[in-house]
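# Geometric and topological summary
The primary structure of each chain is shown beneath.
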Amino acid sequence: MTSGGLTECLRKTFVTLDQIKEITRTYPTPFHLYDEKGIRENASKLKEAFAWNKGYREYFAVKATPNPFILNILKDYDCGCDCSSLTELMMADRLDFDGKSIMFSSNDTPAEEFAYADKVGAIINLDDITHIDFLEKTIGRIPETISCRYNPGGYFKLGNSIMDNPGDSKYGMTHEQIIEAFKILKSKGAKNFGIHAFLASNTVTNEYYPALARILFELAVELHEKTGADIKFINLSGGIGIPYTPDKEPNDISVIGANVHKVYDEVLTANGMGDVAIYTELGRFMLAPYGCLVTKAIHEKHTYKEYIGVDACAANLMRPAMYGAYHHITVAGKENAPCDHKYDITGSLCENNDKFAIDRMLPKIDMGDYLIIHDTGAHGFSMGYNYNGRLRSSELLLKEDGSVQMIRRAETPKDYFATFDFTDIFKGIE
Ligand SMILES: *Cc1c(COP(=O)(O)O)cnc(C)c1O
């Protein structure tokens with residue numbers, strides 16, 4: 001987690017100190033800020049990278065940034081929604097995404113969520129072979145279009161590095177099960193089939209998608225041969241990562257798209273399956289770099305270490321506390337100052353892991369300085385919680401014309417107490 005050096009201090013932000021000062025005249029810190037221009041440019045590049053595939057579509061993983069304004073921006077690039085829960089399905093439906101534009105990739109799914117997904121016409125992606133019966137009992141039939149999630153087990157390796165350990169993950173069906181599942185689904189009336197797999201998270205290499213694609217394309221050929229199923233789409237899911245640390249190179253989506261194309265021709269086209277649509281369900285890649293958490297330094301503490309206390313905490317951004325994840329930090333207005341002070345940057349939770357950075361080399365921080373915590377646009381706000389009675393912050397959108405729009409207000413104590421409304425002993429608060 002340690003980093004220092006001038007180049008690392010210089011990592012670019014999409015917001016300046018002057019802009020932050022202007023924004024804080026209306027909206028107090030902390031807040032998550034999203035960069036509309038960056039989101040649009042990136043979504044457009046992704047679309048271009050897969051334009052070779054006629055049916056290509058990105059279903060944005062709503063859980064990464066479940067905000068209606070963000071979903072509507074992505075809609076301009078023909079993105080659909082990948083939902084995994086009832087409220088995510090509701091959000092997609094309320095925003096008038098039609099059924100074909102909603103992928104329901106969930107696991108351990110409650111019956112009412114299958115029922116709701118079916119009601120809005122979403123494409124259901126089954127996590128397990130037992131869910132065939134469960135779904136049929138719940139909605140009274142098997143939908144004509146259905147997808148199954150595959151888990152090849154073992155280790156998923158790229159070159160010499162083990163990327164991840166699917167054999168240890170709770171998701172998806174085994175090889176035998178997915179063949180059996182396709183047979184059963186076909187016998188129960190399914191006509192259009194999809195395959196899905198998610199084998200590694202936050203991959204910072206152009207090789208992940210092509211390697212995953214080869215596994216799924218070969219499986220598709222096998223499934224088609226063994227079950228006669230008409231495979232309409234292959235969903236490469238999420239997992240394309242971003243360089244959280246300054247030493248990493250970002251993925252090049254156009255290279256990824258071109259390499260998936262090569263494998264597609266080698267495996268699918270060569271086997272007479274050249275009309276299969278490619279779907280993606282990216283979350284992090286779509287949004288993470290285009291969001292930041294802006295927070296203010298409110299305390300400095302000198303004990304056995306040097307601490308800077310800020311007005312955000314892990315309730316606003318959980319990744320460092322939960323995974324020890326690195327998020328780059330820029331002190332606004334001190335972009336060119338030497339990183340010659342070592343700090344722990346902390347929030348206020350009564351948990352010692354509530355630290356946005358440990359032993360981080362940064363410019364000297366003065367009280368009132370604004371800290372920009374990078375790459376919080378995905379799995380940032382959305383993982384927020386209310387421990388210690390902390391409230392979720394607002395979400396703001398920095399629009400292309402430079403103006404700022406509030407796209408979610410900050411929680412108030414009234415929101416926090418709202419779930420006690422039913423009691424006589426607690427009257428709520430004003
Ligand atoms: C979380 C998730 C995604 C998105 O993952 P990223 O790493 O954000 O790209 C896609 N599909 C499913 C099923 C997921 O659970």
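Residues numbered from 1 in each chain as written. Predicted model: local features only at pLDDT ≥ 70, side-chain atom pairs only at ≥ 80, totals over all residues. Heavy atoms only, no water.

So, on to the layout of surface pockets. Over the atoms rolls a probe the size of a water molecule, and its path tells where empty space is left. Reported here for the largest pocket is a volume of approximately 1,000 Å³. Residue lining of the largest pocket: 38 residues in total, with Lys-63, Tyr-171, Phe-198, Ser-201 and His-379 positioned closest to the centre. Mapped by element, the contributors of at least two residues to the lining of the largest pocket are strand S3 (80-83), helix H11 (284-287) and helix H12 (319-323). When its residues are assigned to classes, the lining of the largest pocket shows 14 nonpolar, 15 polar and nine charged. Counting contributing residues, the lining of the largest pocket receives three or more from each of domain 1 (6-34 + 289-417) and domain 2 (36-288). Estimates place the volume of the second largest pocket at around 670 Å³. Taken together, 26 residues line the second largest pocket, and the ones lying closest to its centre are Arg-11, Pro-250, Pro-289, Tyr-290 and Asp-375. For the lining of the second largest pocket, the secondary-structure elements that each account for two or more residues are helix H3 (36-49) and strand S12 (291-302). Looking at the lining of the second largest pocket, the element that brings in the most residues is H3, giving four residues. (1 Å grid on protein atoms, 1.4 Å probe; cavity = no way out; pocket = protein on both sides within 12 Å on 5 of 7 lines; lining within 4 Å. Points joined across faces, edges and corners; volume = space filled by probe spheres on them. Helix = DSSP H or I, 4+ residues; strand = E, 2+ residues; numbered from the N terminus. Nonpolar A, V, L, I, M, F, W, Y, C, P; charged D, E, K, R; others polar. Domains from an automatic or database assignment.)

Turning to the domain arrangement of the protein, a few remarks are in order. Each domain of the protein was delimited in the assignment, giving domain 1 (6-34 + 289-417) and domain 2 (36-288). One C-alpha centre belongs to domain 1, the other to domain 2; they are set 32 Å apart. Summed over both partners, the interface of domain 1 with domain 2 comes to about 2,100 Å²; 60% of that surface belongs to carbon and sulfur atoms. In terms of surface lost to domain 2, no three residues of domain 1 exceed Tyr-290, His-379 and Glu-400, which account for 29% of the buried area on that side. Taken together, domain 1 and domain 2 are joined by one salt bridge. As a salt-bridge pair, Arg-40 and Glu-400 come within 3.7 Å of each other at their nearest N and O atoms. Contributions of two or more residues to the side of domain 1 that touches domain 2 are made by strand S18 (394-398) and strand S19 (404-408). Looking at side-chain class alone, the side of domain 1 that touches domain 2 contains eight nonpolar, nine polar and eight charged residues. (Buried area = accessible area lost by both parts, 1.4 Å probe. Salt bridge = Lys/Arg side-chain N within 4 Å of Asp/Glu carboxyl O.)

Right, let's get into the packing of aromatic side chains. Tallied over the full model, the rule gives 13 aromatic pairs. Note on Phe-217 and Tyr-264: the rings are 5.6 Å apart at their centroids and 90 degrees apart in plane angle, and the pair reads as edge-to-face. Of this pair, Phe-217 sits in helix H9 (residues 208-227) while Tyr-264 sits in helix H10 (residues 253-268); the two residues are 47 residues apart in sequence, bridging distant segments of the chain. Accessibility classification places Phe-217 together with Tyr-264 in one group, the buried group. (Phe/Tyr/Trp six-rings, centres within 6.5 Å; stacked < 30°, edge-to-face > 60°. Buried < 20%, exposed > 50% of the residue type's maximum accessible area, 1.4 Å probe, protein only.)

Moving on: empty space enclosed by the protein. By the definition in use, this model includes two cavities of 30 Å³ or more. Approximately 30 Å³ is the volume found for the second largest cavity. Here the residues of the lining of the second largest cavity sort into five nonpolar, three polar and one charged.

Let us look at the UniProt feature "active site" (unreviewed entry) in the protein. The sites that UniProt annotates as "active site" (unreviewed entry) are Cys-350. Its place among the elements puts Cys-350 in the loop between strand S15 (341-346) and strand S16 (355-362). Its relative accessible area of 62% is what places Cys-350 among the exposed residues. Excluding residues that lie within four positions of it along the chain, Cys-350 makes contacts with Tyr-387 and Asn-388. (UniProt positions renumbered as here; feature names shortened; annotations may be inferred. Contact = heavy atoms within 4.5 Å.)

Okay, the site of the ligand next. Of all residues adjacent to the ligand, which total 15 residues, the nearest are Lys-63, Glu-281, Gly-283, Arg-284 and His-379. A distance of 2.7 Å separates an oxygen atom of the ligand from a polar atom in the side chain of Lys-63. Backbone polar atom of Gly-283 to an oxygen atom of the ligand: 3.0 Å apart, as the coordinates give it. Using a 2 Å cut-off from the grid points, one finds that the ligand occupies the largest pocket. In terms of residue class, the shell around the ligand is made up of three nonpolar, seven polar and five charged. (Near = heavy atom within 4 Å. Polar contact = N/O pair within 3.5 Å; in protein donor to acceptor, adjacent residues only side chain to side chain. Sits in = over half its atoms within 2 Å of the grid points.)

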